[in-house]
Every structure is written in C-alpha cells, then in structure tokens.
There are 2 protein chains.
Amino acid sequence: MAPHRIHLDDPPEPFDRGSTITIVGDEAKHAARVKRLEEGARVELLPGDGRVGVGAVRAIGKGKDGWTLDVGIELVRRVEPVRPTLEIWSSPPKGSRLEQMVDQLAQIGVAAWAPLSAERTVVDPREGKLERLDRIASEASKQCGRAWRLRIGPGGGIDRALGDDLPVVAGDATGVAYHDERVASADRVRLLIGPEGDWSDAERTRFDALDIPRVAFGPHVMRIETAAVAIASVVMHRS
Amino acid sequence: MAPHRIHLDDPPEPFDRGSTITIVGDEAKHAARVKRLEEGARVELLPGDGRVGVGAVRAIGKGKDGWTLDVGIELVRRVEPVRPTLEIWSSPPKGSRLEQMVDQLAQIGVAAWAPLSAERTVVDPREGKLERLDRIASEASKQCGRAWRLRIGPGGGIDRALGDDLPVVAGDATGVAYHDERVASADRVRLLIGPEGDWSDAERTRFDALDIPRVAFGPHVMRIETAAVAIASVVMHRS
C-alpha cells in the first residue's frame, strides 16, 4: 500500500533523518480517524518545498486540543521542481475568479503567482486577500499532490515584474503566435497577463523596446484566468 | 468606429444580401437603449455558424413585446473555423464546474463539447442540463466574439466517441507526454477526458489496441475541467 501522505503548512526545522515531527489539527484527525493509521504505519511528510520526509507513525494521541500524530523521519528525499519554473504575474481577476485561477494554476504545475499592477489594473488585492490565496494555493497543492507548493505574491508594478534577470513573456491578444526559443530552453520563465482593459500603449512600447515577446493565444478574447491557464499550459509543454 | 455586433440565437433563413432580419429581445434592447444605435448605424449579425451579415439598421421600434431592430444585410462574409477543429468529449465534472468548463472552452476556441459516458462516469447530464449548457456556450461565444458558436452534445459512450473517422487523443495521467504528428497535422481532432475515477483497465487496453495515444499533461493530478482546458490549449497550439 502506498504510504499515507501528509502535507505540512509550515516546514518544521529540523526536518532530517532522526527528527520526530508532531502533526496536529485536521491532518492528524484525518490520519487517525479517517485513514485509521496505527503505530508503525508508513507515512510521507510534504512541507511543500520539494522535501519528502519518509518515515513511520511513532505515537497517536488525543488531548484537549484534538488529535496528535508523532512521525519519526527515516530519510528525506528531494523532488526536483517542474521545469520550466513558471511564474505568472497577472492583473487579478475579480471576485471568485481569482481563487479559481490560483486553484487551476496549482493543478497545471505553475511555480508561483503574483498580482501585477498594470496601468489599467482595477483589482488590488490587500494583504488579507493574499493570505487567503496562500491558503487556497496550499490546499490546491495538497489536492493535486505537489511536492512544491504554489507560491503566492508579493507582486507589484511593471518595473518590479521586469526587474529580475529571467526571460519574460507578455500575453497579448494583439501579439504574435507563441514561439520563443529563449523561453523554450529556459529553466525559469515569467509570464505577464494584463488587465481586462488591456495593456496600455506605453506598456506595449516598453515590452517591444526590451525585446519581450508579446504572444497571442487563440483567436478569441479570453478573460484573465482563462488566458493564464491556456498560455501557461502551452509555455510549460515541451514535447 | 467598429460596427456593433449582434449575435443571433437561431440562424435566420434567408440570410443573404438583401435580407431584412428583425432583432428582438435583449439584443434589440441593448442596441437601442445602451448602444443608442440609430437608423443607418452599421451592424454585423453573427448567427454563430461562421457567417457574418454586414449591414445597417433600417428601423427601430418599440411595441408591447419590447424593442425591435430591423437590419438590412448588404453582404455576407464567411469566417473560417479555427484549425484544428477540436472536439472535447469529457466525463462531466460535478456541479458548477461543468458550466465553468464550457465557458472556458468557448474562450480558448474549442469547436464542440460532448458528455462522455465512461465506465466510471458518475454524472450523466439530462436533456435539460444540456439545454442549459447550450445557452451558456452561446453566451460565452458572444462574449469572446466567436463567429462559430461552441456546440454542445449529444455525446455518448466510448463506442460512440470512437465511432467517427478522425484522430482521437485520450488524456491520461499515466500516459506519455503529448506529441503526436497525426494530430499536429489534422484538421479535426477529438480529445477524450476521463472521469475523476480514471479510465478503467479495459478502456486503456482498448485505446492501446486502436493506437489511440494516451497523453499526460503536467506532473500533477488535474480535475476534469482543468485537464480539458490545459490539454486543449496544447493540442490547439501550433507554432
């Protein structure tokens, strides 16, 4: 039987061979009551940073704060991140579509999402919203079995989005069909998705001046969250 | 100024140079009250079957059944369908995720969606549900400016899905990375997406016997609606 997998919200330290990790909360209750694990059961602990702690249940208890599970780690494996490591900086879509997008990006294997504040961006997620998105990303990363959790934020304006040394692609319905050799061979790529009101002329001029490809996908108008999933799928696919 | 576009729910006949088409309901009200079109205004009529009727408003009226708009057609253009023509047959996801999927498939340019009844499919949409999906497909096709409306249904079992003479691809997390020359050069492709409970062994054996590629996308578990959008994006993208 495959070992039961437990995703940890915060990476515990130390997290090495010989460490004992105490699991609490819903994960402990689920393991004890639903999965009915017993002492000695094989488990894997995933802190979401590529490490997988392989070990066994040492003790199961129930106190006034609920169930606890002590897991003894016997070895720590490391899972390589998905290549390319794709970051998406997008203007946030409105309402529940933002949460739906984060959930879908986790499933397709995107490494990070950050809010992009472009000239015509109308939604500026506050700190509390980013924390909520972080919880959604964490939950979605568990659901789809990621060893690397989808990272959220912090994002910023176009200056910030263009300020790192990595290949950048801008989604743009007026651009050319996607085909970029630099991106196809890069280990790390950043994809920018503009607001519903579209990029401004100044933003397009800036992309062109910096030789940042503006790429279109498909013949129709796409909302932000659909464009992000569709273009990311194509960029990440290397046959 | 770009002509105002009006999407028609049912293709009127005749629909030729010289025809006068009477628009009623929300589209007429929107044109008259929100867009404030006047007699002589340029409009385009889109019945959703690739035809675009180019013409002008001949008369605007308001009766007891609401606003009406008479449009005289001066010429009919034909828009080619998106290539490849991609049909998706998928096991229907539960609840609102089915409607969300149809909406996203319209945006990325998929030609048709049909419910696939696989061995482990648990959702079997009734006739009323398909009619509702048809309305959502129609509305989404308008929103994203499609000249060809996303078609819905009727679908069926695996026999039916494999019964036509066109290249078929099956999404399968246990399959190989997508790369299929037959599909890459085909004008028309059918993509099958299985149920949350996965394809059965018998279904996989059948695909293999018929030389139908089982293709994986990405390293993680995807829900039906995310898999459909992600794999369709990759299949439709030809750089």
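On a predicted model such as this, the values are computed, not experimentally measured, just so you know.

A. Structural view of the interface of chain B and chain A. Of the residues lining the interface, 27 residues belong to chain B; the matching set on chain A comes to 27 residues. Counting each side, the surface lost to burial between chain B and chain A is near 2,400 Å², with a carbon and sulfur contribution of 57%. Per-residue buried area on chain B facing chain A is highest for Gln107, His220 and His237 of chain B; these three make up 24% of the total on that side. Our enumeration of links across chain B and chain A arrives at two salt bridges. Note that aspartate 103 of chain B and arginine 223 of chain A form a salt bridge whose closest N and O atoms lie 2.6 Å from each other. At the level of secondary structure, the elements contributing two or more residues to the side of chain B that touches chain A comprise α2 (96-108) and α7 (224-236) of chain B. Looking at the side of chain B that touches chain A, its residues break down into twelve nonpolar, eleven polar and four charged.

B. Molecular detail of the relation of the copies chain B and chain A. When chain B is brought onto chain A, the operation consists of a screw motion whose angular component is 180° and whose axial shift is 0.0 Å, with 0.1 Å RMSD remaining. Both chain copies can therefore be described as sitting about a two-fold axis. Among all residues of chain B, the one whose C-alpha sits closest to the rotation axis is valine 234 of chain B, at a distance of 2.6 Å. Taken together, the interface assignments show that 100% of the residues at the interface of chain B recur at the interface of chain A, consistent with an identical surface on both copies.

C. Molecular detail of the pattern of salt bridges. Residue and element names in this part refer to chain B. Under the criterion given, the structure shown has 50 salt bridges over all chains. Note that lysine 64 and aspartate 65 form a salt bridge whose closest N and O atoms lie 3.7 Å from each other. Comparing lysine 64 with aspartate 65, the two get one shared label, exposed. Among the salt bridges present, the one from glutamate 99 reaches lysine 129, with a minimum N-O distance of 3.1 Å.

D. Examining the sheet that holds strand β1 (residues 4-7) of chain B more closely. All names here are of chain B. Pairing in this open sheet of five strands is mixed, and the strands run β1-β3-β4-β5-β2 from one edge to the other. The open sheet has two edge strands with one neighbour each: β1 and β2 (20-23). The sheet shows a mean angle of 40° between the axes of neighbouring strands, direction not considered. Two elements, strand β3 (residues 42-46) and strand β4 (residues 51-63), share four bridges in a ladder whose sense is antiparallel. Residue pairing for β4: glutamate 44 is matched across the bridge by valine 54. Sheet contacts for helix α1 (residues 25-34): β1, β2, β4 and β5 (66-78); angle to β5, the most-contacted strand, approximately 95°.

E. Inspection of a positive patch on the surface at higher detail. Residue and element names in this part refer to chain A. Together, Lys29, Arg33, Arg36 and Lys62 make up a region of like positive charge exposed at the surface. Its location among the elements puts arginine 36 in the loop between α1 (25-34) and β3 (42-46). Relative accessible area serves as the criterion here: at 60%, arginine 36 is assigned to the exposed category.

F. Expanded view of the packing of aromatic side chains. Residues and elements named next belong to chain A. This structure, assessed with the given rule, holds two aromatic pairs over all chains. A ring pair is formed by tryptophan 199 and phenylalanine 207, whose centres lie 5.0 Å apart and whose planes are at 85°; its orientation type is edge-to-face. When its relative accessible area of 0% is taken as the criterion, phenylalanine 207 is described as buried.

G. Looking closely at the packing of α2 of chain B against α7 of chain B. Residues and elements named next belong to chain B. Relative to each other, α2 and α7 sit at 10°, their axes nearing to 9 Å. Taken together, the axes of α2 and α7 are roughly parallel relative to one another. Seen from α2, the contacting residues are Arg97, Gln100, Met101, Gln104, Leu105 and Ile108; seen from α7, they are Ile224, Glu225, Ala228, Val229, Ala232, Ser233 and Met236.

H. How the structure looks around the packing of helix α2 (residues 96-108) of chain A against helix α3 (residues 127-143) of chain A. Residues and elements named next belong to chain A. Between α2 and α3, the least distance of the axes is 9 Å, while the angle of their chain directions is 35°. At the point where α2 passes α3, the crossing takes the right-handed sense. Contacts between α2 and α3 involve Leu98, Glu99, Val102, Asp103 and Ala106 on the former and, on the latter, Lys129, Arg132, Leu133, Ile136, Ala137, Ala140 and Ser141. Broken down by class, the residue content of the contact of α2 with α3 amounts to seven nonpolar, one polar and four charged.

I. Expanded view of the pairing of strand β11 (residues 188-193) of chain A. Residues and elements named next belong to chain A. Across the six residues of β11, five count as buried, placing the element largely inside the fold. Relative to β11, strand β6 (residues 85-90) runs parallel, the two sharing six bridges. Bridge assignment links tryptophan 89 to a residue of β11, and that residue is leucine 192. Pairing analysis gives three bridges linking strand β10 (residues 168-177) to β11, with the strands arranged parallel. Bridge assignment links valine 169 to a residue of β11, and that residue is leucine 191.

Analysis parameters
Residues numbered from 1 in each chain as written. Chains lettered and ligands numbered in written order. Predicted model: local features only at pLDDT ≥ 70, side-chain atom pairs only at ≥ 80, totals over all residues. Heavy atoms only, no water. Contact = heavy atoms within 4.5 Å. Buried area = accessible area lost by both parts, 1.4 Å probe. Salt bridge = Lys/Arg side-chain N within 4 Å of Asp/Glu carboxyl O. Helix = DSSP H or I, 4+ residues; strand = E, 2+ residues; numbered from the N terminus. Nonpolar A, V, L, I, M, F, W, Y, C, P; charged D, E, K, R; others polar. Least-squares fit on C-alpha atoms with pLDDT ≥ 70 in both. Buried < 20%, exposed > 50% of the residue type's maximum accessible area, 1.4 Å probe, protein only. Pairing = 2+ DSSP bridges. Axes fitted to C-alpha atoms, helices over the stretch in contact; angles between N-to-C directions. Patch = residues over 30% accessible without salt bridge, like charges linked within 9 Å, V, L, I, M, F, W, Y side chains within 5 Å. Areas by Shrake-Rupley, 256 points an atom, 1.4 Å probe, with all protein chains shown as cover. Lys, Arg positive; Asp, Glu negative; His and termini not counted. Charge placed at Lys NZ, Arg CZ, Asp CG, Glu CD. Phe/Tyr/Trp six-rings, centres within 6.5 Å; stacked < 30°, edge-to-face > 60°. Parallel < 35°, antiparallel > 145°, perpendicular 65-115°, else oblique. Left-handed = near helix turned anticlockwise from the far one by under 90°.

Geometry only, nothing functional implied.
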